[in-house]
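The lines below spell out each chain.
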Amino acid sequence: QVQLVESGGGLVQPGGSLRLSCAASGNITSITAMGWYRQAPGKQRELVAIIARSGLTNYAASVKGRSTISGDNAKGAVYLRMNSLKREDTAVYYCNAEYYSDTLDIRVSWGQGTQVTVSS
(Lines give C-alpha, C1' and ligand atoms only; values in the text may rest on other atoms or scores of the structure.)
Protein backbone atom coordinates (compact mmCIF):
# COMPACT_ATOMS: atom_id res chain seq x y z
CA GLN A 1 0.00 0.00 0.00
CA VAL A 2 0.97 3.58 -0.65
CA GLN A 3 -0.49 6.58 1.15
CA LEU A 4 -0.12 10.18 0.02
CA VAL A 5 -0.32 13.49 1.88
CA GLU A 6 -0.22 16.87 0.13
CA SER A 7 0.79 20.21 1.55
CA GLY A 8 1.69 23.70 0.40
CA GLY A 9 -1.64 24.97 -0.80
CA GLY A 10 -3.08 28.28 0.22
CA LEU A 11 -3.99 31.76 -0.94
CA VAL A 12 -1.71 33.47 -3.43
CA GLN A 13 -2.05 36.62 -5.51
CA PRO A 14 -2.17 36.52 -9.30
CA GLY A 15 1.35 36.43 -10.66
CA GLY A 16 2.64 34.82 -7.51
CA SER A 17 4.23 31.45 -6.95
CA LEU A 18 3.85 28.45 -4.72
CA ARG A 19 5.31 25.03 -4.16
CA LEU A 20 3.19 21.98 -3.51
CA SER A 21 4.61 18.94 -1.80
CA CYS A 22 3.44 15.36 -1.61
CA ALA A 23 4.90 12.78 0.72
CA ALA A 24 4.34 9.08 0.18
CA SER A 25 4.45 6.42 2.84
CA GLY A 26 4.30 2.66 2.71
CA ASN A 27 6.03 0.74 -0.02
CA ILE A 28 7.53 3.74 -1.77
CA THR A 29 9.92 1.60 -3.79
CA SER A 30 6.93 0.22 -5.68
CA ILE A 31 5.99 3.62 -7.07
CA THR A 32 6.49 3.92 -10.81
CA ALA A 33 5.15 7.43 -11.39
CA MET A 34 3.67 10.34 -9.48
CA GLY A 35 1.75 13.35 -10.56
CA TRP A 36 -0.50 16.25 -9.78
CA TYR A 37 -4.11 16.67 -10.78
CA ARG A 38 -6.52 19.48 -10.03
CA GLN A 39 -10.24 19.97 -9.92
CA ALA A 40 -12.07 23.28 -9.90
CA PRO A 41 -15.72 23.56 -8.81
CA GLY A 42 -18.05 22.36 -11.52
CA LYS A 43 -15.22 21.05 -13.65
CA GLN A 44 -13.65 17.69 -14.29
CA ARG A 45 -10.41 16.65 -12.69
CA GLU A 46 -7.50 17.32 -14.99
CA LEU A 47 -3.87 16.38 -15.18
CA VAL A 48 -1.39 19.10 -14.27
CA ALA A 49 1.94 17.30 -14.44
CA ILE A 50 3.43 13.85 -14.07
CA ILE A 51 6.88 12.45 -13.45
CA ALA A 52 8.06 8.90 -13.93
CA ARG A 53 10.67 7.18 -11.81
CA SER A 54 13.10 7.66 -14.67
CA GLY A 55 12.64 11.41 -14.42
CA LEU A 56 10.57 11.76 -17.56
CA THR A 57 8.01 14.54 -17.16
CA ASN A 58 4.95 15.82 -18.92
CA TYR A 59 2.80 18.90 -18.37
CA ALA A 60 -0.63 20.12 -19.26
CA ALA A 61 -0.55 22.84 -21.89
CA SER A 62 -2.11 25.31 -19.46
CA VAL A 63 0.83 25.13 -17.06
CA LYS A 64 3.73 24.22 -19.31
CA GLY A 65 6.49 26.78 -19.18
CA ARG A 66 5.57 28.13 -15.77
CA SER A 67 5.50 24.93 -13.73
CA THR A 68 8.10 22.41 -12.71
CA ILE A 69 7.50 18.97 -11.30
CA SER A 70 10.28 17.18 -9.49
CA GLY A 71 10.63 14.12 -7.34
CA ASP A 72 12.79 12.25 -4.90
CA ASN A 73 12.66 8.52 -5.51
CA ALA A 74 14.32 7.63 -2.22
CA LYS A 75 11.82 9.66 -0.21
CA GLY A 76 8.82 8.87 -2.36
CA ALA A 77 8.11 12.57 -2.67
CA VAL A 78 6.94 14.77 -5.50
CA TYR A 79 6.85 18.54 -5.76
CA LEU A 80 5.16 21.05 -8.01
CA ARG A 81 6.48 24.57 -8.39
CA MET A 82 4.06 26.94 -10.07
CA ASN A 83 4.92 30.46 -11.14
CA SER A 84 2.89 33.26 -12.69
CA LEU A 85 -0.25 31.94 -11.10
CA LYS A 86 -3.58 32.84 -12.64
CA ARG A 87 -7.08 32.87 -11.24
CA GLU A 88 -7.79 29.94 -13.52
CA ASP A 89 -5.31 27.91 -11.47
CA THR A 90 -7.67 27.98 -8.50
CA ALA A 91 -8.57 24.39 -7.67
CA VAL A 92 -8.05 21.54 -5.29
CA TYR A 93 -4.78 19.91 -6.18
CA TYR A 94 -4.40 16.18 -5.70
CA CYS A 95 -1.27 14.12 -5.56
CA ASN A 96 -1.35 10.83 -7.44
CA ALA A 97 0.88 7.79 -7.42
CA GLU A 98 0.96 4.75 -9.63
CA TYR A 99 2.47 1.71 -7.99
CA TYR A 100 2.48 -2.06 -8.04
CA SER A 101 1.17 -4.30 -5.28
CA ASP A 102 2.73 -7.36 -3.68
CA THR A 103 1.18 -9.42 -6.47
CA LEU A 104 2.52 -6.95 -9.05
CA ASP A 105 -0.85 -5.65 -10.15
CA ILE A 106 -0.88 -1.95 -10.86
CA ARG A 107 -2.72 0.34 -8.47
CA VAL A 108 -3.35 4.05 -8.03
CA SER A 109 -3.31 6.07 -4.83
CA TRP A 110 -4.64 9.59 -4.25
CA GLY A 111 -3.92 12.18 -1.63
CA GLN A 112 -6.59 14.11 0.24
CA GLY A 113 -6.08 17.26 -1.78
CA THR A 114 -4.84 20.74 -0.99
CA GLN A 115 -6.68 23.94 -1.88
CA VAL A 116 -4.97 26.52 -4.06
CA THR A 117 -6.74 29.84 -4.36
CA VAL A 118 -5.40 32.55 -6.66
CA SER A 119 -7.03 35.85 -5.83
CA SER A 120 -6.19 39.46 -5.09
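About the criteria used
Residues numbered from 1 in each chain as written. Predicted model: local features only at pLDDT ≥ 70, side-chain atom pairs only at ≥ 80, totals over all residues. Heavy atoms only, no water. Helix = DSSP H or I, 4+ residues; strand = E, 2+ residues; numbered from the N terminus. Rg over C-alpha atoms; globule rule 2.2 N^0.38 Å. Buried < 20%, exposed > 50% of the residue type's maximum accessible area, 1.4 Å probe, protein only. Contact = heavy atoms within 4.5 Å. Disulfide = S-S within 2.5 Å. Pairing = 2+ DSSP bridges. Phe/Tyr/Trp six-rings, centres within 6.5 Å; stacked < 30°, edge-to-face > 60°. Lys NZ or Arg CZ within 6 Å of the ring centre and 35° of its normal. Salt bridge = Lys/Arg side-chain N within 4 Å of Asp/Glu carboxyl O. Axes fitted to C-alpha atoms, helices over the stretch in contact; angles between N-to-C directions.

Time to look at the overall build of the chain. Along the backbone of the chain there are zero helices and 11 strands. When its helices and strands are written in sequence order, the chain yields β-β-β-β-β-β-β-β-β-β-β. The C-alpha radius of gyration of the chain comes to 14 Å, within 12% of the 14 Å expected for a compact globule of 120 residues. A buried classification covers 40% of the 120 residues belonging to the chain. Across the chain, every contact between residues at least 6 apart in sequence was considered, and the portion connecting residues at least 24 apart equals 56%.

Summed over the entire model, instances satisfying the criterion amount to one disulfide. Cys22 shares a disulfide with Cys95; S-S distance 2.0 Å. Taking the torsion about the S-S bond as the criterion, the Cys22 to Cys95 disulfide, at about -85°, is left-handed. Of this pair, Cys22 sits in strand E3 (residues 18–26) while Cys95 is found in strand E9 (residues 91–100), placing the two residues 73 residues apart along the sequence. Of the residues examined, Cys22 reaches a relative accessible area of 1% and is grouped as buried.

This next bit is on the pairing of E3. Bridging between strand E1 (residues 2–7) and E3 involves six bridges; their strand directions are antiparallel. Bridging across to E3, Val2 finds its partner in Gly26. Note that E3 and strand E8 (residues 77–82) share six bridges and pair antiparallel. Bridge assignment links Ala23 to a residue of E8, and that residue is Ala77.

Under the criterion given, the structure shown has one aromatic pair. Both rings, one in Tyr37 and one in Trp110, keep their centres 5.0 Å apart while their planes meet at 70°; by these two values the pair is edge-to-face. With Tyr37 in strand E4 (residues 31–39) and Trp110 in strand E10 (residues 106–110), this pair connects stretches of sequence that are 73 residues apart. Residue placement shows Arg19 over the ring face of Tyr79; its charged tip is 4.1 Å from the ring centre. For the cation-ring pair, Arg45 lies above Trp110, with the distance from its terminal atom to the ring centre recorded as 3.9 Å.

Turning next to the pattern of salt bridges. Within this structure, the stated rule accounts for four salt bridges. The partner of Arg38 in a salt bridge is Asp89, and the shortest N-O contact between them spans 2.9 Å. With Arg38 in strand E4 and Asp89 in the loop between E8 and E9, this pair connects stretches of sequence that are 51 residues apart. Overall, the relative accessible area of 1% leaves Asp89 in the buried class. Look at the salt bridges and you will find they share partners, linking Arg38, Glu46, Arg66 and Asp89 into a network.

Spatially, E1-E3-E8-E7 is the arrangement adopted by the four strands of the open sheet, whose pairing is antiparallel. Either end of the sheet is taken by a strand with one partner, and the two such strands are E1 and strand E7 (67–72). Here the strands of the sheet are splayed against their neighbours by 15° on average, with no regard to which way each runs. Pairing between E7 and E8: six bridges, direction antiparallel. Looking across to E8, one finds that Ser67 is bridged to Met82.

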